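Structural overview
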Amino acid sequence: MKYTFNPPKRYLMGPGPSDAHPRVLKAMASPLIGHLDPHFVNMMDEVKAMVQNTFLTKNDLTFVVSAPGSAGMETCLVNLLEPGDECIICINGVFGGRMVDIAERCGAKVHKIITPWGKVTSLKQVKEALKTCPNPKLVALVHAETSTGALQPIQQISDEVHNAGSLLVVDAVTSWCGVPLKVDEWGIDAIYSGTQKNLSAPPGLSPVSFSPRAVKVLESRKTKVQSWFLDLNLVKNYWTGAKRAYHHTAPVSSVYAIHEALNLVIEEGLENRWKRHQEVHNKLRISLENLGFKYLVDKENRLPNLNSVYFPVSIKDESTLRSTLLNDFNIEIGGGLGDFAGKIWRIGIMGESCTENHVNMIIGALKELMDE
Ligand SMILES: *Cc1c(COP(=O)(O)O)cnc(C)c1O
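Residues numbered from 1 in each chain as written. Predicted model: local features only at pLDDT ≥ 70, side-chain atom pairs only at ≥ 80, totals over all residues. Heavy atoms only, no water.

With that settled, the discussion passes to the nonpolar core. Leu80, Ile89, Leu138, Ile188, Leu199 and Phe210 are the most contacted members of the largest nonpolar core, which has 90 residues in total. If sequence neighbours within four positions are ignored, leucine 138 has contacts with Leu77, Leu80, Leu81, Glu86, Cys87, Ile88, Ser166, Leu167 and Val169. Of all hydrophobic cores here, the second largest spans 24 residues; its members include Met13, Leu284, Ile315 and Leu325. (Core = buried A, V, L, I, M, F, W, Y, C linked by side-chain atoms within 4.5 Å. Buried < 20%, exposed > 50% of the residue type's maximum accessible area, 1.4 Å probe, protein only. Contact = heavy atoms within 4.5 Å.)

Shown next as structure tokens:
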């Protein structure tokens with residue numbers, strides 16, 4: 001018996017992963033070196049510097065978790081929460097709900113701010129929640145809710161959270177390297193992202209950064225972090241240059257990939273990259289609306305890189321249509337989640353998948369299929 005696997009060439013226009021640049025794939029094919037090899041240590045330092053540059057932060061505790069975005073989420077919460085702590089979590093889609101689940105597993109008492117899917121949390125809701133829970137350890141929210149395509153304003157809420165003496169925790173998995181995100185300027189205390197969305201590197205790593213305020217909270221814990229693997233007291237020594245101490249073995253090839261993908265972002269320029277996502281979104285939006293698609297999210301809170309759209313009534317069998325897109329056109333898009341299953345599509349234009357060619361391709365395919 002011989003096992004072979006040759007993945008088809010797809011165009012990835014769903015909620016992630018996105019297409020990877022050939023330079024990133026080539027980097028992954030480079031020879032393995034040891035994770036304590038001086039060349040590797042040096043490259044990890046460069047990765048840290050590039051993550052700081054793209055998060056727009058000077059936070060010293062900035063590093064990459066050796067696991068996907070969900071592990072970054074867990075890293076932020078398990079390190080900051082102790083049993084009995086109170087926290088506020090904003091839920092307007094799948095990922096806010098996931099944060100609640102993790103926080104409760106940490107033994108925290110969670111106050112939820114629940115907003116209908118597709119909407120964003122308002123400053124007023126946060127103020128109300130701070131009345132019933134005036135001293136939460138942290139307030140957590142999702143910057144770019146990939147389940148709905150809503151982009152959460154952060155800055156105003158940040159002041160309110162700090163005035164309450166709390167930490168602001170932000171999920172930036174689908175915003176980082178695609179839309180404006182300014183960690184220091186916005187006063188974000190703990191942030192996590194992922195490699196598979198706008199960065200266009202393979203899934204499997206999660207950049208994380210903690211502000212000095214968050215580091216203080218971490219250092220004054222009374223109990224041990226419940227997870228050994230994600231305990232920053234241990235992990236941080238693995239990201240301190242030449243003094244590196246063995247913690248676990250970094251996924252060497254994946255770190256090659258994030259290094260090259262970050263280089264591509266820096267070559268393009270962060271702001272140019274934000275602009276590209278907005279411009280390609282504008283083109284896609286006009287074409288989709290011409291075909292009768294309607295956006296789920298109000299204009300002012302729309303995430304440009306994840307387009308959640310109701311399809312026109314002429315589309316009767318959305319799931320077959322999505323399969324045809326995949327099987328006959330090699331284009332992957334996402335279906336709806338939760339209450340939106342079978343009601344919306346989620347079309348991602350992230351990183352390498354964010355080009356005019358991608359727009360032309362999907363619009364051309366849709367025109368052909370909708371004419372049938
Ligand atoms: C994709 C995503 C995650 C989880 O990342 P994984 O890499 O799938 O673990 C978390 N939050 C948001 C907003 C996401 O889009």
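Next, the rest of the story.
This brings us to unusual backbone geometry. Across the junction of glycine 16 and proline 17, the peptide omega takes the value 0 degrees, indicating a cis bond. Along the chain, the position of proline 17 falls in the loop between strand 1 (11–12) and helix 1 (22–28). If you check the backbone angles, cysteine 177 has positive phi at about 70 degrees while not being a glycine. Summarising the element assignment, cysteine 177 is placed in the loop between strand 8 (167–171) and strand 9 (190–192). Cysteine 177 sits in the buried class, given a relative accessible area of 2%. Unlike most non-glycine residues, serine 200 shows phi in positive territory, near 65 degrees. (Helix = DSSP H or I, 4+ residues; strand = E, 2+ residues; numbered from the N terminus.)

This part is about the site of the ligand. In the vicinity of the ligand, the contacting residues are Pro68, Gly69, Ser70, Phe95, Val142, Ala144, Thr146, Asp171, Val173, Thr174, Gln196 and Lys197. Between the ligand and glycine 69 there is a distance of 3.0 Å, counted from an oxygen atom to a backbone nitrogen or oxygen. Between the ligand and the protein, one listed contact pairs an oxygen atom with a side-chain N or O atom of threonine 146 at 2.3 Å. About the coverage of the ligand: the protein hides 90% of its 380 Å² of free accessible area. When grouped by side-chain class, the residues that make up the shell around the ligand number five nonpolar, five polar and two charged. (Near = heavy atom within 4 Å. Polar contact = N/O pair within 3.5 Å; in protein donor to acceptor, adjacent residues only side chain to side chain. Areas by Shrake-Rupley, 256 points an atom, 1.4 Å probe, with all protein chains shown as cover. Nonpolar A, V, L, I, M, F, W, Y, C, P; charged D, E, K, R; others polar.)

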